[in-house]
Amino acid sequence: MVQQSETIWFDGKLVPWADANVHVLTHALHYGTGVFEGIRAYECSDGTSEVFRLREHMERLVDSAKILGLGMPYSAEELVAAAEEVLVANNLKGAYIRPLVFVGEGAMGVHPGDNPIRVCIAAWFWGAYLGEDALEKGIKVRVSSYNRHHVNVMMTKSKACGNYVNSVLAKMEAVRDGYAEAVMLDTTGHVSEGTGENIFMVRDDVIYTPPASGVLGGLTRDSIITLAGDLGYEVRETPIGRDMLYVADEVFFTGTAAELTPVREIDSRQIGEGKAGPVAKLLQTEFFKIVKGENPDYEQWMHRYEVK
Ligand SMILES: *Cc1c(COP(=O)(O)O)cnc(C)c1O
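Residues numbered from 1 in each chain as written. Predicted model: local features only at pLDDT ≥ 70, side-chain atom pairs only at ≥ 80, totals over all residues. Heavy atoms only, no water.

1. Some thoughts on the environment of Thr 48
Then comes step 1: Turning to its location among the elements, Thr 48 is positioned in the loop between strand S4 (39–43) and strand S5 (49–52).
Then comes step 2: Of the residues examined, Thr 48 reaches a relative accessible area of 18% and is grouped as buried.
Then comes step 3: Counting along the chain gives 256 residues from Thr 48 to Arg 304, while the straight-line C-alpha distance between them is 7.1 Å.
Then comes step 4: Within the structure, Thr 48 has its side chain in polar contact with the side chain of Asp 46 (distance 2.7 Å). (Helix = DSSP H or I, 4+ residues; strand = E, 2+ residues; numbered from the N terminus. Buried < 20%, exposed > 50% of the residue type's maximum accessible area, 1.4 Å probe, protein only. Polar contact = N/O pair within 3.5 Å; in protein donor to acceptor, adjacent residues only side chain to side chain.)

2. Brief notes about the pairing of strand S7 (residues 117–124)
Then comes step 1: Most of S7 sits out of view: six of its eight residues are buried.
Then comes step 2: Note: strand S1 (residues 7–10) against S7, two bridges, orientation antiparallel. Directly across from Phe 10, in S7, lies its bridge partner Cys 120.
Then comes step 3: One ladder, built from eight bridges, connects strand S6 (residues 95–103) with S7; its direction is antiparallel. (Pairing = 2+ DSSP bridges.)

3. Topic: the site of the ligand
Then comes step 1: Surrounding the ligand, one finds 15 residues, the nearest of these being Lys 159, Tyr 164, Glu 193, Thr 220 and Thr 256.
Then comes step 2: Here Arg 60 contributes a side-chain N or O atom positioned 2.8 Å from an oxygen atom of the ligand.
Then comes step 3: Contact distances for the ligand include 2.7 Å between an oxygen atom and a backbone N or O atom of Leu 219.
Then comes step 4: If the ligand stood free it would expose 380 Å²; the protein chains cover 96% of that surface.
Then comes step 5: Applying the majority rule of atoms within 2 Å of the grid points places the ligand in the largest pocket.
Then comes step 6: Looking at the shell around the ligand, the elements that each hand over two or more residues are helix H2 (54–68) and helix H6 (219–230). (Near = heavy atom within 4 Å. Areas by Shrake-Rupley, 256 points an atom, 1.4 Å probe, with all protein chains shown as cover. 1 Å grid on protein atoms, 1.4 Å probe; cavity = no way out; pocket = protein on both sides within 12 Å on 5 of 7 lines; lining within 4 Å. Sits in = over half its atoms within 2 Å of the grid points.)

4. Considerations on unusual backbone geometry
Then comes step 1: A positive phi angle, near 50°, is found at Asp 204, a position not held by glycine.
Then comes step 2: As for its placement among the helices and strands, Asp 204 is situated in the loop between strand S11 (198–203) and strand S12 (206–209).
Then comes step 3: Assessed through its relative accessible area of 60%, Asp 204 is described here as exposed.
Then comes step 4: In this structure, Glu 259 takes a positive phi of about 55° despite not being glycine.
Then comes step 5: One can find Glu 259 in strand S15 (residues 259–266).
Then comes step 6: For Glu 259, a relative accessible area of 5% corresponds to the buried category.

5. Some details on the state of the cysteines
Each disulfide is one covalent bond, formed between the sulfur atoms of two cysteines.
Then comes step 1: Taken as a whole, this structure holds zero disulfides when the rule is applied.
Then comes step 2: You can see Cys 120 has no disulfide; the closest cysteine sulfur is in Cys 161, sitting 9.5 Å from it.
Then comes step 3: Assessed through its relative accessible area of 14%, Cys 120 is described here as buried. (Disulfide = S-S within 2.5 Å.)

6. What to know about the domain arrangement of the chain
Then comes step 1: Along its sequence, the chain is carved into domain 1 (7–124) and domain 2 (134–291).
Then comes step 2: Placing the centre of domain 1 and that of domain 2 at their C-alpha centroids yields a distance of 26 Å.
Then comes step 3: Taken together, the contact pairs 21 residues of domain 1 with 20 residues of domain 2.
Then comes step 4: Between domain 1 and domain 2, the buried area comes to about 1700 Å², and carbon and sulfur atoms account for 62% of it.
Then comes step 5: On the domain 1 side of the contact with domain 2, Phe 36, Phe 52 and Arg 60 bury the most area, a combined 33% of that side's loss.
Then comes step 6: Joining domain 1 to domain 2, the criterion identifies two salt bridges.
Then comes step 7: The residue Arg 53 makes a salt bridge to Asp 222 at a minimum N-O spacing of 2.7 Å.
Then comes step 8: Here domain 1 and domain 2 share twelve residue pairs in polar contact (both at pLDDT 80 or more) between them.
Then comes step 9: Contributions of two or more residues to the side of domain 1 that touches domain 2 are made by strand S3 (34–36), S4, S5, H2 and S6.
Then comes step 10: Ranked by the residues each element gives to the side of domain 1 that touches domain 2, the list is headed by H2, at six residues.
Then comes step 11: Its residues placed into classes, the side of domain 1 that touches domain 2 shows ten nonpolar, five polar and six charged. (Domains from an automatic or database assignment. Contact = heavy atoms within 4.5 Å. Buried area = accessible area lost by both parts, 1.4 Å probe. Salt bridge = Lys/Arg side-chain N within 4 Å of Asp/Glu carboxyl O. Nonpolar A, V, L, I, M, F, W, Y, C, P; charged D, E, K, R; others polar.)

7. What to know about helix H8 (residues 278–291)
Then comes step 1: The end-to-end C-alpha distance of H8 is 20 Å, a good match for the 20 Å that 14 residues give at a rise of 1.5 Å each.
Then comes step 2: For H8, every residue scored as buried is listed here: Val 279, Ala 280, Leu 283, Gln 284, Glu 286, Phe 287, Phe 288, Ile 290 and Val 291. (Expected span 1.5 Å × (residues − 1).)

8. Here we look at the environment of Ala 83
Then comes step 1: Positionally, Ala 83 belongs in helix H3 (residues 76–89).
Then comes step 2: As a C-alpha pair, Ala 83 and Val 143 span 60 residues in sequence and 36 Å in three-dimensional space.
Then comes step 3: When sequence neighbours within four positions are dropped, the list of residues in contact with Ala 83 reads Leu 54, Met 58 and Ile 121.

Here it is, written out as structure tokens:
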């Protein structure tokens, strides 16, 4: 269950949590015509708070809407201000922030016509997505029987609501079979990503991740690539086969929700020592230092705000 807050920003103003509702004939409910973001705000060690890469998340939201051809009524700057408004109004020092842009009610055909484009931003407290234990010990995953989207079937660069049916299928299959998450292959058979996370592997101290072309360009992915480079690691963006994952020294997922979650087993094969490996641990430690505002070298990624 979501830990409820007081208010949600909806079409330009704050409304009580319980009143942020829509009609059942909302176009997006029927056809998946919406785009969303997942953003995290962290309480910093010095008592302030920061939203991690807020501006880039809102720019991606605007891009996602553009890819779907939705006329976005707000600019990235306006959305940045709105997110801060929600955090402050709800006294949230740390939070998960969920903006959603969707086609509202009106025309019921497939063509969205001139139905209103509605925008909301909710924020609530949400701990570790795959569990605190997962961050420490790593998770067991399986390769999904479902393929990830082909780049000309769904728009993989858009965080589109409809795209997520594919993720829900893979996630339900994985959980049903006793796994925490699924690894999805693309339609050429190469590793693409998790159901809402990007994937990395380490072999002989080199870090590998699938090219950005067919996966959602995760901001956590981007942050980890930058951080790993700054720490002296070579990062190669290259096609990866599932067998490469089986013999990797380390595998881990990255995402705003999952943060950096190590993988300890794939398809019943132990990965490395069967626990969080040294590279994942180092990157995770440094990543958490950054998001908690403890590393001034990455201050440009912080959107600081204060809750009284
Ligand atoms: C959101 C998302 C990610 C992770 O992106 P972040 O910006 O790191 O949160 C990865 N894959 C998919 C399919 C996603 O929707």
